[in-house]
Amino acid sequence: MVINERDIRNETVRAAAQAVMAAARTAPKAKGRDMVEVAVVTDEDIERLAETMVSMSGESGMKFLLRDADNIRQAQAVIVVGISDPHAVCGLNCGYCGYPACAAKPAQAPCMMNGVDVGIAIGSACAAATDMRVDTRVMFSAGLAAQQLDWLDGCTQVYAIPVSASSKNPFFDRKPKTE
């Protein structure tokens, strides 16, 4: 049997995406609290994500969303990572949120440790993707669209990591969209 890489590319990327999600899950978390949520978007939902970004661009006037939507369309999978309760305090009284202690932090202000946790999870996920030699880019824009679609059930601080296996990373050397 001969299996051409082109014939199994989508399967390969999906398997890599599953491993990347595991890397995000197992990344260290502040005080061991796990509020990171991770999912993978494939098939027609990739187009739904891109269309949401196009709609957001029309509403906000942010043209980079059009460019990023085109990038999302070139992905075989998109991993979304977010925080389930960004306002929950970690209890370190570190002051990183701008308040002297956790008790002084207003309920609507996010605990900075939760943002750090999602950042570490994203870094771990991208490192795993690199180890598997699939192309990625971290995109706040696609994460914002995924957050608007509520794909992580109420999560905030959502970021997206499009994944591709192609001869050149489609997520870099990008030109701004003008229309």
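Calculation notes
- Residues numbered from 1 in each chain as written.
- Predicted model: local features only at pLDDT ≥ 70, side-chain atom pairs only at ≥ 80, totals over all residues.
- Heavy atoms only, no water.
- Helix = DSSP H or I, 4+ residues; strand = E, 2+ residues; numbered from the N terminus.
- Rg over C-alpha atoms; globule rule 2.2 N^0.38 Å.
- Buried < 20%, exposed > 50% of the residue type's maximum accessible area, 1.4 Å probe, protein only.
- Contact = heavy atoms within 4.5 Å.
- Areas by Shrake-Rupley, 256 points an atom, 1.4 Å probe, with all protein chains shown as cover.
- Lys, Arg positive; Asp, Glu negative; His and termini not counted.
- Charge placed at Lys NZ, Arg CZ, Asp CG, Glu CD.
- Salt bridge = Lys/Arg side-chain N within 4 Å of Asp/Glu carboxyl O.
- Polar contact = N/O pair within 3.5 Å; in protein donor to acceptor, adjacent residues only side chain to side chain.
- Pairing = 2+ DSSP bridges.
- Expected span 1.5 Å × (residues − 1).
- Bend = angle between axes of the 7 residues up to and from the residue.

Overview of the overall build of the chain
Argument step 1. Looking only at helices and strands, the chain features five helices and four strands.
Argument step 2. Taken from N to C terminus, the helices and strands of the chain fall in the order α-β-α-α-β-α-β-α-β.
Argument step 3. Relative to the compact-globule value of 16 Å for 179 residues, the chain shows a C-alpha radius of gyration of 18 Å, a close match.
Argument step 4. With respect to the principal axes defined by its C-alpha atoms, the chain has extents near 60 × 40 × 25 Å.
Argument step 5. Counting across all 179 residues of the chain, residues that qualify as buried make up 44%.
Argument step 6. Summarising the internal contacts of the chain: among those between residues at least 6 apart in sequence, 72% fall at separations of at least 24.
Argument step 7. In the structure as shown, the chain presents an accessible area of about 9300 Å², 54% of it carried by carbon and sulfur atoms.
Argument step 8. The distance from the centre of the 18 positive side-chain charges to the centre of the 21 negative ones in the chain is 6 Å.

Thoughts on the side chain of Asp135
Argument step 1. Among the structural elements, Asp135 can be located in strand β3 (residues 135-136).
Argument step 2. There is no salt bridge for the buried Asp135, and the closest opposite charge comes from Lys168, which lies 8.2 Å off by N-O distance.
Argument step 3. Polar contacts involving the side chain of Asp135 include one to the main-chain amide nitrogen of Asn169, which spans 3.5 Å.
Argument step 4. Apart from the residues within four sequence positions on either side, Asp135 is in contact with Pro162, Val163, Ser164, Ser166, Lys168, Asn169, Pro170 and Phe171.

What about the pairing of strand β2 (residues 77-83)?
Argument step 1. Across the seven residues that make up β2, a large majority, seven, are buried.
Argument step 2. Alternating residues of β2 divide into Ala77, Ile79, Val81 and Ile83 and Val78, Val80 and Gly82, and every residue in both groups is buried.
Argument step 3. Pairing analysis gives six bridges linking strand β1 (residues 36-41) to β2, with the strands arranged antiparallel. Directly across from Val41, in β2, lies its bridge partner Val78.
Argument step 4. Where β2 and strand β4 (residues 156-164) come together, six bridges link them in antiparallel fashion. If you follow Val80 over to β4, its bridge partner there is Ala160.

Let's talk about helix α1 (residues 5-26)
Argument step 1. Under the 1.5 Å per step criterion, the end-to-end length of α1 is 29 Å for 22 residues, consistent within 8% with the ideal 32 Å.
Argument step 2. The principal kink in α1, of about 30°, is found at Glu11.
Argument step 3. Listed in full, the buried residues belonging to α1 are Val13, Ala16, Ala17, Val20, Met21, Ala23 and Ala24.
Argument step 4. Where the residues of α1 are buried, they touch β1, β2, α4 (112-131) and β4.
Argument step 5. Between a side-chain oxygen at the N-terminus of α1 and the backbone nitrogen of Arg6 the separation is 2.7 Å; the capping residue is Asn4.

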